[in-house]
Structure formats: structure tokens, C-alpha cells
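Letter by letter, the chains look like this.
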Amino acid sequence: MCRSIKTLRPPVLPEEATEEDIRAAALQFVRKVSGFRAPAAHNREVFDRAVDEVTQATRKLLDGLEVRGGGGAGRRATPVSAPDAA
């Protein structure tokens with residue numbers, strides 16, 4: 001496991017993970033998997049796309065997790081956003 005990636009769900013992270021936290025973890029994951037700290041110009045597009053996709057997948061995961069025990073039984077790891085009321 002990449003040591004720079006932190007657990008992003010409660011109760012490990014006391015507050016909701018920010019988009020910055022999630023993107024930083026996604027970047028570390030893509031760096032680890034690809035073996036590149038920074039991609040060459042010809043790989044930049046695919047590298048950036050992978051970071052975006054991992055960020056989205058991580059947000060979906062955190063939004064869907066239910067954390068049981070440790071207080072607030074059955075609470076979600078992050079609140080599910082309500083649709084905009086128009």
C-alpha cells in the first residue's frame with residue numbers, strides 16, 4: 001500500500017474528506033500504479049484522465065459506505081448530496 005494515501009472515511013478521518021483529499025489520494029494511487037511521479041508529455045493525457053477517474057470512483061465509494069459502530073450506527077461515511085431544489 002502506498003504510505004502517502006490516508007484513510008478517508010470516518011472515524012479515521014474525523015471530518016468529511018474534501019475533494020482535495022480525494023484527488024491527492026487518487027494522484028498518489030496513479031503514481032504508484034504507473035511508476036511515474038510525473039508523466040512524460042506523451043503520457044500526460046492518460047495519466048490525468050486516470051487521476052480524474054480514480055477521484056470519481058473514490059467519491060462514489062465514500063458516498064456509498066455505511067460506517068457502523070464507533071458512534072452514529074449506520075451513518076454514511078460522507079453525506080449523500082441532495083439534488084438541487086430548483
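Above this text you will find the structure in question.
The following refers to the structure shown.

1. Some words on the overall build of the protein chain
Thought 1: Looking only at helices and strands, the protein chain features 2 helices and 2 strands.
Thought 2: Split into buried and exposed, the 86 residues of the protein chain put 23% on the buried side.
Thought 3: Counting only contacts in the protein chain whose residues sit at least 6 apart along the sequence, the fraction spanning at least 24 positions is 50%.
Thought 4: In the structure as shown, the protein chain presents an accessible area of about 6400 Å², 54% of it carried by carbon and sulfur atoms.

2. Section: helix α2 (residues 44-64)
Thought 1: Its 21 residues give α2 an end-to-end C-alpha distance of 30 Å, which sits within 8% of 30 Å, the value for a rise of 1.5 Å per residue.
Thought 2: Taken together, the buried positions of α2 are occupied by F47, V51, T55, T58, R59 and L62. Relative to the axis of α2, the buried residues are bounded by an arc of 110° and lie together on one face. Within α2, the exposed residues directed more than 90 degrees away from the buried face are E45, Q56, K60 and L61.
Thought 3: Where the residues of α2 are buried, they touch α1 (19-34).

3. A closer look at the layout of surface pockets
Thought 1: Considering only enclosed or pocket space, the largest pocket measures out at about 230 Å³ in volume.
Thought 2: I5, L8, A25, T58 and L61 are the residues nearest the centre of the largest pocket, which is lined by 15 residues in total.
Thought 3: At the level of elements, α1 and α2 are the ones that each hand at least two residues to the lining of the largest pocket.
Thought 4: The element contributing the most residues to the lining of the largest pocket is α2, with 5 residues.

Thresholds applied
- Residues numbered from 1 in each chain as written.
- Predicted model: local features only at pLDDT ≥ 70, side-chain atom pairs only at ≥ 80, totals over all residues.
- Heavy atoms only, no water.
- Helix = DSSP H or I, 4+ residues; strand = E, 2+ residues; numbered from the N terminus.
- Buried < 20%, exposed > 50% of the residue type's maximum accessible area, 1.4 Å probe, protein only.
- Contact = heavy atoms within 4.5 Å.
- Areas by Shrake-Rupley, 256 points an atom, 1.4 Å probe, with all protein chains shown as cover.
- Expected span 1.5 Å × (residues − 1).
- Arc of directions from axis to C-beta.
- 1 Å grid on protein atoms, 1.4 Å probe; cavity = no way out; pocket = protein on both sides within 12 Å on 5 of 7 lines; lining within 4 Å.
- Points joined across faces, edges and corners; volume = space filled by probe spheres on them.

Nothing here speaks to function; it is all geometry.
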